[in-house]
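Inside the fold
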Amino acid sequence: MNTRRENAGKKDLGEVIVITSGKGGVGKTTTTASLGAALALRGQRVLVVDADIGLRNLDMMLGLENRIVFNVVDVAKKICKPAQAIIKSKKSNNLYLLPASQTDDKDVVDEAEIRYVLEQFRREFHYVLVDSPAGIEQGFRNACAGAESAIVVTTPEVSAIRDADRVVGLLSSKGIEAKLIINRIDFEMVRRGDMLSVRDVQDILGIEIIGVVERDDQIISAANCGEPVVYNQKSKAGQAFTRIAARVCGEQVPVPTFDSGSLWSRIGRKLGVNA
Amino acid sequence: MFNALKKKLFGESNESKETAKSRLHFVLVQDRTGLTNEEMAGFREEMVKVIEKYFVIDKEGFDIKYHRLADTTTLLINSPVIVRRSTSGSSSKSSRLTETEPENETDTETAAVASNV
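About the cut-offs
- Residues numbered from 1 in each chain as written.
- Chains lettered and ligands numbered in written order.
- Predicted model: local features only at pLDDT ≥ 70, side-chain atom pairs only at ≥ 80, totals over all residues.
- Helix = DSSP H or I, 4+ residues; strand = E, 2+ residues; numbered from the N terminus.
- Buried ≥ 20, exposed ≤ 12 C-beta atoms within 10 Å, placed from the backbone.
- Contact = placed C-beta atoms within 7 Å.
- Arc of directions from axis to C-beta.
- Pairing = 2+ DSSP bridges.
- Axes fitted to C-alpha atoms, helices over the stretch in contact; angles between N-to-C directions.
- Parallel < 35°, antiparallel > 145°, perpendicular 65-115°, else oblique.
- Left-handed = near helix turned anticlockwise from the far one by under 90°.
- Nonpolar A, V, L, I, M, F, W, Y, C, P; charged D, E, K, R; others polar.
- pLDDT = per-residue confidence, 0-100.
- Core = buried A, V, L, I, M, F, W, Y, C linked by C-beta atoms within 7 Å.
- Expected span 1.5 Å × (residues − 1).

Quick word on the overall build of chain A
The helix and strand inventory of chain A stands at 13 helices and eight strands. Taking all 275 residues of chain A together, 50% fall into the buried category.

Some points on the overall build of chain B
Looking only at helices and strands, chain B has four helices and four strands in total. When the helices and strands of chain B are read in sequence order from the N terminus, they spell out α-α-α-β-β-β-α-β. A buried classification covers 7% of the 117 residues belonging to chain B. Contacts in chain B between residues far apart in sequence, at least 24 positions, make up 57% of those at least 6 positions apart.

Examining helix 6 (residues 111-121) of chain A
Residue and element names in this part refer to chain A. Within the sequence span of helix 6, burial applies to Ile 114, Val 117, Leu 118 and Phe 121. Buried positions in helix 6, seen along its axis, are confined to an arc of 95° and lie on one side of it. Where helix 6 is buried, its residues contact strand 1 (15-20), strand 2 (46-50), helix 4 (72-76), helix 5 (82-85), strand 5 (127-131) and helix 7 (138-144).

Section: the pairing of strand 2 of chain A
Consecutive residues of a regular strand have side chains that alternate between opposite faces of the sheet. Residues and elements named next belong to chain A. With respect to burial, strand 2 is a largely interior element, five of its five residues being buried. The side-chain alternation of strand 2 yields two buried faces, one formed by Val 46, Val 48 and Asp 50 and the other by Leu 47 and Val 49. Bridge count for strand 2 against strand 4 (residues 95-98) is four bridges, and the pairing is parallel. Directly across from Leu 47, in strand 4, lies its bridge partner Tyr 96.

Regarding the environment of Val 229 of chain A
All names here are of chain A. Looking at the secondary structure, you find Val 229 in the loop between helix 11 (218-225) and helix 12 (236-248). On a C-alpha basis, the gap between Val 229 and Ala 143 in space is 24 Å, while along the polypeptide they are 86 residues apart. Leave out the neighbours within four places in its chain, and Val 229 touches Ser 34, Gln 218, Ile 219, Ala 222, Ser 235, Ala 237, Gly 238 and Phe 241.

Notes on the environment of Arg 162 of chain A
As for its position among the elements, Arg 162 of chain A is in helix 8 (residues 158-173). Considering only alpha carbons, one finds Arg 162 of chain A and Lys 23 of chain A, 139 residues apart in sequence, at a separation of 8.8 Å. Contact partners of Arg 162 of chain A, with chain neighbours within four places excluded, come to Leu 24, Val 27, Leu 28 and Asp 31 of chain B.

As for the packing of helix 8 of chain A against helix 10 (residues 198-205) of chain A
Residues and elements named next belong to chain A. Contact geometry for helix 8 and helix 10: axes closest at 10 Å, N-to-C directions at 40°. When the axes of helix 8 and helix 10 are compared, the pair comes out oblique. Note on packing geometry: the crossing formed by helix 8 with helix 10 is right-handed. Each of Ile 161, Ala 164, Asp 165 and Val 168 in helix 8 lies in contact with helix 10, whose residues at this interface are Val 201, Ile 204 and Leu 205. Each residue belonging to the contact of helix 8 with helix 10 can be placed in one class, and the counts come to six nonpolar, no polar and one charged.

Focus: the confidence of the model for chain B
Residue and element names in this part refer to chain B. With 58% of its residues at a pLDDT of 70 or more, chain B has an overall mean of 70. Mean pLDDT across the elements of chain B bottoms out in helix 4 (residues 92-99) (37) and peaks in strand 1 (residues 55-57) (90). Counting contacts from residues 89-109, a segment whose pLDDT is below 50, to residues more than four positions away or on other chains yields 19 contacts.

Considering the sheet that holds strand 8 (residues 209-214) of chain A
Residues and elements named next belong to chain A. With mixed pairing, eight strands are arranged side by side in an open sheet as 3-4-2-5-1-6-7-8. The open sheet has two edge strands, strand 3 (87-88) and strand 8, and neither has a second partner. Strand contacts of helix 2 (residues 28-41): strand 1, strand 2, strand 4, strand 5, strand 6 (149-154) and strand 7 (177-185), with the helix running at about 170° to strand 5, the strand carrying the most contacts. Sheet strands in contact with helix 10 are strand 6, strand 7 and strand 8, and its direction is about 150° off that of strand 7.

Regarding the nonpolar core
Counting 85 residues, the largest nonpolar core has Leu 47, Val 128, Leu 129, Val 130 and Phe 241 of chain A as the members making the most contacts within it. In this view, Val 128 of chain A contacts Gly 14, Val 16, Leu 47, Val 49, Leu 118, Phe 121 and Arg 122 of chain A; residues no more than four positions away in its chain are not counted.

Remarks on helix 2 (residues 16-33) of chain B
The end-to-end C-alpha separation of helix 2 of chain B is 26 Å, in line with the 26 Å expected for 18 residues at 1.5 Å each. Following helix 2 of chain B by one or two positions, Gly 34 of chain B adopts a phi angle in the positive range, close to 70°.

Some remarks on the packing of helix 8 of chain A against helix 2 of chain B
One way to put it is that helix 8 of chain A packs onto helix 2 of chain B with a least axis distance of 10 Å and a crossing angle of 30°. It follows from the interaxial angle that helix 8 of chain A and helix 2 of chain B lie roughly parallel. Pair helix 8 of chain A / helix 2 of chain B crosses with right-handed handedness. Of the residues in helix 2 of chain B, those in contact with Val 158, Ile 161, Arg 162, Asp 165, Arg 166 and Gly 169 of chain A of helix 8 of chain A are Ala 20, Arg 23, Leu 24, Val 27, Leu 28, Asp 31 and Arg 32 of chain B. A per-class count over the contact of helix 8 of chain A with helix 2 of chain B returns six nonpolar, one polar and six charged.

Set out below in structure tokens:
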């Protein structure tokens, strides 16, 4: 992403990143909202685009559901001016939302129209994050249309990993480089051997990991209130998304793996000794 | 008692993630290659035949991986070699290998064949 970011900088065009997963319910929308907010906190101008037409939710995650007038379909069909459709976040002057339409189907727009929409905003933002719908059909293809890179979200579960692998393959055939976020990992379960570790997931999928987010109750409360979790710096998930934002901007921040470690520290833990 | 202690200490045998890994490994090879079960079995069988022409191998440990890296996809064929088949112009390494007892399963070497796809 760094090289693309530099190239984008030269042309004064923001980088378009699609957030996708294949499987539903793994945290794409939460990731889009949290990463968008975290990038905005770093001073980057960010637009988050809800490409889940018919099932919009990104507005809820940002607490902006009451402010929607126009949406992505209106911009695509030139019913409104691009600037009329975007909504500024309550929390940040750098973060904007382009909401999905709630009443249309996913095939009401095509890839060319989405590309047109993104082109309208790339000059004004450093990052445009596109929240993809679940699945690999038209909605997914639309979400990928203008993207230069992708963040694939998975959880350490077999079905999510299998779908992530499929999506990585599809992205690669479109020439889109994908990086991985492992969401909702529980390091205690990893230690017990009942959950795939960061290393396991990396070995299976074979793509670069840009972030690991621990399972965190704060995500639910943050969603309840429509405030991205990054504003709560006590939240482990919030800290994780802050680190991911730093990596997206090209900073070298190590990804925590919490792998089982040495034999003796494992024995120590099993016996309840903190090594 | 020892087994229970071993289980407690090392968490062996009841690690469900190992099951997850092997199941994913199986299903992803099919997903990635787009080969059906029968085609995969046929491919495997033919590969075993080719390798067996030159090596005595442990068929149980024979394993095909379709490994994706950042910019390339690699077919990794892992085959534990018990001995090299003796040929007329055998090298010193192969003669050393042929001296070992073929039934000694622990004394295997692994031949990895990698090819970019």
